[in-house]
Each structure stands twice: as structure tokens, then as C-alpha cells.
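This is what each chain is made of:
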Amino acid sequence: MWLLDGGDAFGNAHSISSLDDKLMGEYLLKGMGLCGYDAMTLGEEDFRFGETFLAEQIAEADFAFTSANVMRQADELPYATQFFTKTIGDTTVGVIGVLFEEDKEQVEAASAIDGVAVTIEPVLSAIATTQAAMGEVDLVVVLAHMPTTAALELAEELTDTHVVVAAHDQAGPTGQQVNNLVLVSTGYDGKWIGHLDLVVDPEGRLSKANWSSVDLDDSWADDPALAALYQDYLQRLETEAETIVQDIPQETPTGGSYVGSAQCISCHPDQATHWATTQHANAFATLVETNHDYSPSCFPCHTVGFGFIGGFLLPNMTPAMANVQCESCHGAGADHVALPALGFAPPAVTQCTKCHTPDNSPQFDMLTYLPQVQH
Ligand code: HEC
Ligand code: HEC
Ligand code: HEC
Ligand code: HEC
């Protein structure tokens, strides 16, 4: 078995905490080492924290980083391993990784911040040069860190290649035959693992490709070593919590600032009594039970006002702002508390799907969910 990854281990700029992403990235690469990964190619987000950080991770990793078109600016030599080969039995697989040319400026700018500056070379010529350098192998796999649409265009241009793996999109796994090769994409956030069985004829052409993806859902028991590593990561989050949350900017919300539901109860006792019976009032306990009470990535949906003035920071600093509260649906309440007669911006049903996203609440249905929380 060859275990390969298409890149982008360090989250993306849209996530809530870049320091958490950095820590998570470190642990993710350790976890991939434990899983026995063979090689990973570089995505544009792998340069997100500068080249020095990436270089440290590459030095620590138990597997190869390979890229054919990420070059050091200074001497135009490959930044990572130019290609990767591994032989099992009498089959040698050659892996060529490439990074999307359209991310050239982003990667060059990120790598210029600190450490070694890199440049992105054109994909097709980099693959040709690398294939020549690699010589004869039984199977050629191109790890294409780019949108699947771009990988499809690339696949149509390639000869002497058996598999193209597209990685980058926030979309579920896909697979298709393109001329004589198979193009698969891997999904995102580690939710699936792709599985590819290939038969190659004596002329070295792909004669059969069976593609499937395995849904890594709750039916799989955690591997004990990986579970321990994950607990270690959660512990690091707790130890470094103050630094991590202080790095997250606090915006000023519409409505002044967040004040917490204790401020609402005296004037709206009936709504408060009903709210206390809902799961929303208990949402932080869910984090405590799973040891995530210091995980900033959970706070936007399991607390109130995280990332805004007056909102939740950490359980030991702002315990009153834990849980999904009145202001999670109605908006920040300071202005309303100061002048109740002005009323409140109309709630609230438009807020549900900010938290009840397809990823986090796949069963969400307004018709059945709304009556359970209406007061
Ligand atoms: C000092 C009493 C007081 C406090 C404290 C208070 N409210 Fe109100 N609230 C009122 C009054 C009075 C109204 C009715 C205003 C109107 O429509 O004339 C009201 C109306 C509302 C409405 C309906 C608005 C509409 O236009 O239909 C919502 C929602 C609401 N409050 C939520 C809250 C929340 C959430 C808090 C805590 C952050 C809160 N209130 C705190 C007195 C209060
Ligand atoms: C700030 C984020 C947030 C908003 C906004 C929000 N929810 Fe939730 N909701 C949650 C979380 C988190 C849970 C899970 C709580 C737990 O058990 O830990 C939840 C749970 C629920 C549940 C219980 C589901 C179950 O499996 O028992 C219902 C019903 C629900 N929400 C309905 C709504 C509706 C309807 C709205 C909009 C009017 C809404 N929620 C708005 C975060 C939110
Ligand atoms: C984008 C919003 C969002 C984020 C971020 C989020 N959650 Fe949730 N979570 C929800 C919602 C909404 C529900 C309720 C789902 C439902 O019942 O439909 C939920 C439910 C849960 C449940 C099941 C609760 C139960 O007993 O039914 C657990 C466990 C949970 N979340 C843990 C976490 C952890 C741990 C994190 C951070 C790593 C996290 N969540 C981040 C929105 C979110
Ligand atoms: C899960 C989202 C959610 C939470 C949490 C929530 N509300 Fe509401 N609230 C609603 C919705 C939905 C309505 C219905 C009005 C609408 O949709 O415009 C509403 C209506 C209200 C109204 C208007 C009068 C009424 O009952 O229709 C008041 C006052 C109010 N909420 C106060 C509160 C207070 C106080 C809390 C906290 C103790 C709270 N709400 C928590 C969603 C929520």
C-alpha cells in the first residue's frame, strides 16, 4: 500500500484561529507519520505561516514532502524532494507533486516573509522534466494540488501517467476516467480516505481502475496512538489558551456589545425559562465532556459572542458567556438593555444556519428544529 496526501495541512485563512491551525498542523503531520504516510505534496496553505515553520515541519516529518514545481528562488532547485518513488514487491510507483500555478503570487509572498523564498514553475513542463529525471517506473501518480476542474484540464494533457489525484476543493470525493488515466479527488478535512485498486497491462497501460472512498465516520473506532496524540494536542491548546485567544481580533458587533443572558432574564422570564430547557443552554457542557473546553474552533457555535466585544473568551475568564444564549440568535444586546423601548433587531431564524451548517448539523430541518426552540 502507498499512502499519499495532496497538501494543505495548515488549515486556511478563513478559520477562527491561526495559532490553533498552526498547532493543529504540527499534530496533523505527526498523526500522518503514525498512520504510515509515504509522501505529501505541498499546497499553497502549507506556506501560510512562512517557510521557516514549514521547513521545521518537513525536518520533523516521518514521510517525504515532494513537489516538482516549487523551486527555491535563489538557485531554482526543487524546494522539496523533486519526486518520490517506492517499490513494493515488483511494482514501483513514482509520485510527482505539483502546486496550482494560479497560487504562484500567494505562495511567493508567503515564503518571502521569512525563511527561503520559493517560486512556482509551470506545471506541465515541471512534470515532463521530473518524469525524465525519474526514469522508468510501473505507475505514475501526479498529486495535483489544485481545484478538480484545473486537474481535469491537466489530466487531459498528460501522457504516461496512470493516476491524477486532485486536492484543494472543499467538496466530497469524486473519481472518473480521463483518456487512459483515472482522476480522483480526495474530499476535505480528513473526512474520507480514498482507495484505489489498479491493474496495469504488460505494456504498462492502465487496464482497470477501481475507485472508492471510505467515510471516516463514528463507526470507526479511534486508533489508540492517534487518540493519545489528539489528547496531547487538546492539552497544548489548554496550556497555550490565553495566547491563542488573545491573538483573535475582537470585532464590535451591531447592538453595542454582548452582555450575556443573565441581563435578559429579569425582563423576559418566560423566554428565559423555556430557553433553559433547550440543548442550547447546555452546549458548553458538550465541549467539556469531550475535553474541548479550550478549543477555539468550537467556540463560535457552542458559546455566545466569541470574536466580539463582550463575548466569550475562555471558560475561566468569561464563564457567563458559555453556551448558546439569547444573543446567539437575537444579536448583541447592550444597546437594547440600555434602551429597551427601542425593541430589538428582528431575530433570529436567519441565524440558525450560521451554526447549523451541513457539516455540523446534517439533520437540520427548520420545520422540525424551530418548534423545539421557539419560546
Ligand atoms: C430592562 C428590561 C429589558 C431587558 C434587560 C431586556 N429587554 Fe428585551 N425587551 C424589553 C421590552 C420592554 C421590550 C419590548 C419593546 C417593544 O417592542 O416596545 C423588549 C423586546 C425584546 C425583543 C422583541 C423585539 C421585537 O421587536 O419584537 C427581544 C427579542 C428581546 N427583547 C430580547 C432581549 C434580550 C436578548 C435581552 C438580553 C440581552 C433583553 N431583551 C433584555 C425589555 C428588556
Ligand atoms: C450560535 C450557534 C447556534 C445558533 C445561532 C443556533 N443553534 Fe441550535 N444548536 C447549536 C448547538 C451548538 C447545538 C448543540 C448543543 C449541544 O447539545 O451541545 C444546537 C442544538 C439545537 C437543537 C437540538 C438538536 C438535538 O439534536 O437535540 C435544536 C432543535 C436547535 N439547535 C435549533 C436551532 C434553531 C431553530 C435555531 C435558529 C432559530 C438555532 N438552533 C440556532 C448552535 C446554534
Ligand atoms: C459551525 C458551528 C459549529 C462548530 C464550529 C462546532 N459545532 Fe458542535 N454542534 C453544532 C450544532 C449546530 C450542533 C447540533 C447538531 C444537531 O443536533 O443537529 C452541534 C452538536 C455537537 C455535538 C453533539 C451534541 C449532542 O450531544 O447531541 C458535539 C459532541 C459537538 N457539537 C462537539 C463540537 C466540538 C468538539 C467542536 C469543536 C471541535 C464543535 N462541536 C464545533 C455546531 C457547531
Ligand atoms: C435558538 C435561537 C434563539 C435563542 C437562543 C433565543 N431566542 Fe428569543 N426568539 C427566537 C425566535 C426564532 C423568536 C421568534 C421571533 C422571530 O423569529 O422573529 C424569538 C422571539 C423572542 C422574543 C419576542 C417575543 C416572543 O416570545 O416571540 C423575545 C422577547 C425573546 N425571543 C427573548 C429571548 C431571550 C430573553 C432569550 C434568552 C433567554 C432568547 N430569546 C433566546 C430565537 C431565539
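See the structure above.
Owing to the predicted nature of the structure, the values given are computational and were not obtained by experimental measurement. Think of each chain on its own: its residues are numbered from 1, step by step along the sequence as written. Lettering of chains starts at A and numbering of ligands starts at 1, both following the order in which they are written. pLDDT decides what is reported in this predicted model: residues at 70 or higher carry local features, side-chain atom pairs at 80 or more are listed and counted, and totals for whole chains, interfaces and linings draw on all residues regardless. To obtain the side-chain values, all non-hydrogen atoms of the structure were used and water was disregarded.

Draft legend 1. A look at the overall build of the protein. Secondary structure elements are taken from DSSP: a helix is a run of H or I of four residues or more, a strand is a run of E of two residues or more, and numbering for both begins at the N terminus. For the protein, the count of helices and strands is 15 helices and 13 strands. With respect to the three principal axes, the spread of C-alpha positions in the protein is 80 × 45 × 40 Å. Think of it in three bands: residues with accessible area under 20% of the maximum for their type are buried, residues over 50% are exposed, and the middle band is partly exposed, with areas taken using a 1.4 Å probe on protein chains only. For the protein, the proportion of its 375 residues judged to be buried stands at 41%. The contact criterion used throughout is that any non-hydrogen atoms of two residues lie within 4.5 Å. When contacts within the protein are restricted to residue pairs at least 6 apart in sequence, those whose partners lie at least 24 apart make up 60%. Surface exposure here means Shrake-Rupley accessible area, sampled with a 1.4 Å probe, where a residue is shielded only by the protein chains that are shown. Here the protein displays about 19600 Å² of accessible surface, and carbon together with sulfur accounts for 54% of that area.

Draft legend 2. Expanded view of helix α3 (residues 104–113). For α3, every residue scored as buried is listed here: Val107, Glu108, Ala110 and Ser111. For α3, the angular spread of buried residues about the axis comes to 165°, placing them on one side. For α3, the exposed residues set more than 90 degrees away from the buried face come down to Glu105, Ala112 and Ile113. Buried residues along α3 sit against α2 (50–60), β6 (91–99) and β7 (118–120). What the arc describes is the spread of directions from the helix axis to the C-beta atoms.

Draft legend 3. Spatial organisation of the coordination of the iron atom of ligand 3. For Na, K and Ca the donor cutoff is 3.2 Å, while for all other metals N, O and S atoms count as donors only within 2.8 Å; water does not appear among the atoms, so some sites may look incomplete. There is one protein donor for the iron atom of ligand 3, namely His302 (NE2), at 2.2 Å. Here histidine 302 is to be found in helix α11 (residues 299–302).

Draft legend 4. Structural detail: the coordination of the iron atom of ligand 1. At 2.0 Å from the iron atom of ligand 1 lie its protein donor atoms, namely His268 (NE2) and His336 (NE2). Angles of 88 to 178° at the metal separate the six donor atoms of the iron atom of ligand 1, which places the site in the octahedral class. With histidine 268 in the loop between α8 (262–265) and α9 (269–275) and histidine 336 in helix α13 (residues 334–338), this pair connects stretches of sequence that are 68 residues apart. Residue classification places histidine 336 among the buried positions, given a relative accessible area of 17%. Every angle between 85 and 135 degrees makes a four-donor site tetrahedral, while opposite donors more than 155 degrees apart, with all other angles between 65 and 115, make a four-donor site square planar and a six-donor site octahedral; other sites are irregular.

Draft legend 5. The arrangement of the sheet that holds strand β1 (residues 4–5) in detail. Two strands make a pair as long as DSSP finds a minimum of two bridges between them. Pairing in this open sheet of three strands is parallel, and the strands run β1-β2-β3 from one edge to the other. Every other strand in the sheet has two partners, leaving β1 and β3 (64–66) as the edge strands with one partner each. With two bridges joining them, β1 and strand β2 (residues 39–41) adopt parallel strand pairing. Note that in β2 the partner of aspartate 5 across the bridge is methionine 40.

Draft legend 6. Examining the site of ligand 4 more closely. Nearness here has a simple test: a residue counts as near a molecule or strand if at least one of its heavy atoms is within 4 Å of that partner. Near ligand 4 there are 14 residues, and of these Gln271, Cys326, Cys329, His330 and His375 occur at the shortest range. Taking histidine 330, its side chain carries an N or O atom lying 2.8 Å from a nitrogen atom of ligand 4. Under the rule applied, a polar contact is a pair of N or O atoms within 3.5 Å (in protein, one hydrogen donor and one hydrogen acceptor; residues adjacent in sequence only if both atoms are side-chain atoms). Between ligand 4 and histidine 375, the relevant distance is 2.7 Å, taken from a nitrogen atom to a side-chain nitrogen or oxygen of the residue. For the shell around ligand 4, the secondary structure elements donating two or more residues are α9 and α12 (326–330).

Draft legend 7. Seen up close, the environment of phenylalanine 83. Inspection of the secondary structure assignment puts phenylalanine 83 in the loop between β4 (70–72) and β5 (84–88). Classification of phenylalanine 83 as partly exposed rests on a relative accessible area of 23%. The contact partners of phenylalanine 83, leaving out residues within four places of it in the chain, are Thr66, Val95, Thr130, Ala133 and Met134.

Draft legend 8. A look at the packing of aromatic side chains. Aromatic rings from Phe, Tyr and Trp, taking only the six-membered ring of Trp, are treated as a pair when their centres fall within 6.5 Å; an angle between ring planes under 30 degrees marks them as stacked, one over 60 as edge-to-face, and anything in between as tilted. Inspection of the entire model under this criterion finds 14 aromatic pairs. Look at phenylalanine 364 and tyrosine 369: their rings are 4.9 Å apart centre to centre, the planes differ by 65°, and that puts the pair in the edge-to-face class. Residue classification places tyrosine 369 among the partly exposed residues on the basis of a relative accessible area of 26%. Through a chain of ring-to-ring contacts, the aromatic side chains of Phe284, Phe299, Phe306 and Phe312 assemble into a single cluster. Charges are assigned to positions over rings by a cutoff of 6 Å between ring centre and Lys NZ or Arg CZ, combined with an angular limit of 35 degrees from the ring normal. One cation-aromatic arrangement involves lysine 22 over phenylalanine 53; the distance from NZ or CZ to the ring centre is 5.2 Å. Looking at lysine 30, its charged tip hangs above the ring of tyrosine 27, at a distance of 4.5 Å from the centre.

Keep in mind that these numbers describe shape and distance, not what the molecule does.
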